[in-house]
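The lines below spell out each chain.
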Amino acid sequence: MRLGDLISHKKGFAFKSKDYQLDGVPVVRVSNFTESGISTEDLKFVSSEIAGENAGVALKANDIVVATVGSWPNNPASVVGRTIIVPAWADSALMNQNSVIIRARSEQWVDQKFIYFQMKSSGFSTHVISKAQGSANQASITLDAIFSFSFPWPDFLARKSIATFLSNIDERISLLRETNATLEAIAQALFKSWFVDFDP
């Protein structure tokens, strides 16, 4: 199936820096993207009035978002075409420019997840990089380049099985990362206590 035939989309909005404030409704920028989600560090915020005026770019949990501007593959941390899935905490946050929000037309959780995993594949990365344009320092991709990506579309039960299996693996990886971060914080605290503060 062709991606464009399976989804609806909405481009991010170009929020003005003068409208940013210390708290309010979060605005997610491409620079906030992590490997598969969104970092809470360096988020910007706008008032509820501005958020209301731009409700069309409000995110939902499990939305797929693709960066349409970024670097070439030699800088994978910000590569163009980077794809993330919106975590639950970012529900109702707003999506900034240089991105496109993607939702399965069927509105089925299974289809949303299945499409996401297809877009996290090396096949999708190769496809968008091959169609990217730009300078040596910055690359960009069009919506047509994204939507022309084709991939296998098995029956519903097969899609459900694949999406469930891969989602379980993702959840396990996230849990292990959180555990590692906690253990690292404990180790650092103990080191400081014993060898810096010389606590008894």
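### Topic: helix α3 (residues 122-131)
Thought 1: The complete set of buried residues in α3 reads Phe124, His127 and Val128. Along the long axis of α3, the arc covered by the buried residues comes to 90°, so they all point the same way. In this structure, α3 carries Ser122, Thr126 and Ser130 as exposed residues pointing more than 90 degrees from its buried face.
Thought 2: Where α3 is buried, its residues touch β4 (64-67), β6 (83-85), α2 (109-119) and α4 (143-147).

### With respect to the pairing of β4
Thought 1: Here β4 shows a buried face lined by Ile64 and Val66 and a second buried face lined by Val65 and Ala67.
Thought 2: Across three bridges, β4 lies against β6 in antiparallel orientation. Bridge pairing in β6 places Val65 opposite Ile84.
Thought 3: Looking at chain direction, β4 and strand β8 (residues 99-104) are connected through four bridges and run antiparallel. Looking at the pairing, Ala67 lines up with Ser99 of β8.

### Re the packing of aromatic side chains
Thought 1: Under the defined criterion, the tally for this structure stands at eight aromatic pairs.
Thought 2: With a centroid separation of 4.9 Å and an interplanar angle of 80°, the aromatic rings of Phe13 and Phe15 are classed as edge-to-face.
Thought 3: You can call Phe13 partly exposed: its relative accessible area is 34%.
Thought 4: Classification of Phe15 by relative accessible area gives buried; the value is 8%.

### Here we look at unusual backbone geometry
Thought 1: In this structure, Ser92 takes a positive phi of about 80° despite not being glycine.
Thought 2: You can see Ser92 is positioned in the loop between β6 and β7 (94-95).
Thought 3: Judged by its relative accessible area of 44%, Ser92 is partly exposed.

### Side note on the nonpolar core
Thought 1: Ranked by size, the top nonpolar core spans 24 residues in total, and within it Leu3, Val66, Ile102, Ile115, Met119 and Ile146 carry the most contacts.
Thought 2: Of all elements in the fold, only β4, β8, α2, α3 and α4 reach the threshold of two or more residues within this core.
Thought 3: A total of five residues in this core trace back to one element, the largest contributor, which is α2.
Thought 4: Ignoring anything within four residues of it in the chain, the contact list for Leu3 reads Ile115, Met119, Ile146, Phe147, Phe149 and Phe151.
Thought 5: With 14 residues, the next largest nonpolar core counts Leu43, Phe45, Leu59 and Ile84 among its residues.

### What about the sheet that holds strand β3 (residues 44-46)?
Thought 1: The three strands are arranged β3-β2-β7 in an open sheet whose pairing can be described as mixed. In this open sheet, the two edge strands, each paired with only one partner strand, are β3 and β7.
Thought 2: Pairing of strand β2 (residues 25-28) with β3, which is carried by three bridges, proceeds in the antiparallel orientation. Bridge pairing links Pro26 to Phe45 in β3.

### Observations regarding the sheet that holds β6
Thought 1: In space, the four strands of this open sheet follow the order β1-β8-β4-β6, with antiparallel pairing throughout. The two strands at the open ends of the sheet, each matched to only one other strand, are β1 (7-11) and β6. Going across the sheet, the axis of each strand differs from the next one's by a mean of 25°, ignoring polarity.
Thought 2: Bridge analysis of β1 against β8 gives five bridges, and the strand direction is antiparallel. Paired with His9 across the bridge in β8 is Ile102.
Thought 3: Across the face of the sheet, α2 comes into contact with β1, β4, β6 and β8 while running at roughly 135° to β8.

### Brief notes about the layout of surface pockets
Thought 1: Computed from the structure, the largest pocket encloses a volume of approximately 610 Å³.
Thought 2: As for the largest pocket, its lining consists of 25 residues, and the residues nearest its centre are Ser36, Ile85, Tyr116, Asp170 and Ser174.
Thought 3: Every element with two or more residues in the lining of the largest pocket is listed here: α2 and α5 (156-196).
Thought 4: Residue contributions to the lining of the largest pocket peak at eight residues, all from α5.
Thought 5: Its residues placed into classes, the lining of the largest pocket shows twelve nonpolar, seven polar and six charged.

The rules behind the values
Residues numbered from 1 in each chain as written. Predicted model: local features only at pLDDT ≥ 70, side-chain atom pairs only at ≥ 80, totals over all residues. Heavy atoms only, no water. Buried < 20%, exposed > 50% of the residue type's maximum accessible area, 1.4 Å probe, protein only. Helix = DSSP H or I, 4+ residues; strand = E, 2+ residues; numbered from the N terminus. Arc of directions from axis to C-beta. Contact = heavy atoms within 4.5 Å. Pairing = 2+ DSSP bridges. Phe/Tyr/Trp six-rings, centres within 6.5 Å; stacked < 30°, edge-to-face > 60°. Core = buried A, V, L, I, M, F, W, Y, C linked by side-chain atoms within 4.5 Å. Axes fitted to C-alpha atoms, helices over the stretch in contact; angles between N-to-C directions. 1 Å grid on protein atoms, 1.4 Å probe; cavity = no way out; pocket = protein on both sides within 12 Å on 5 of 7 lines; lining within 4 Å. Points joined across faces, edges and corners; volume = space filled by probe spheres on them. Nonpolar A, V, L, I, M, F, W, Y, C, P; charged D, E, K, R; others polar.

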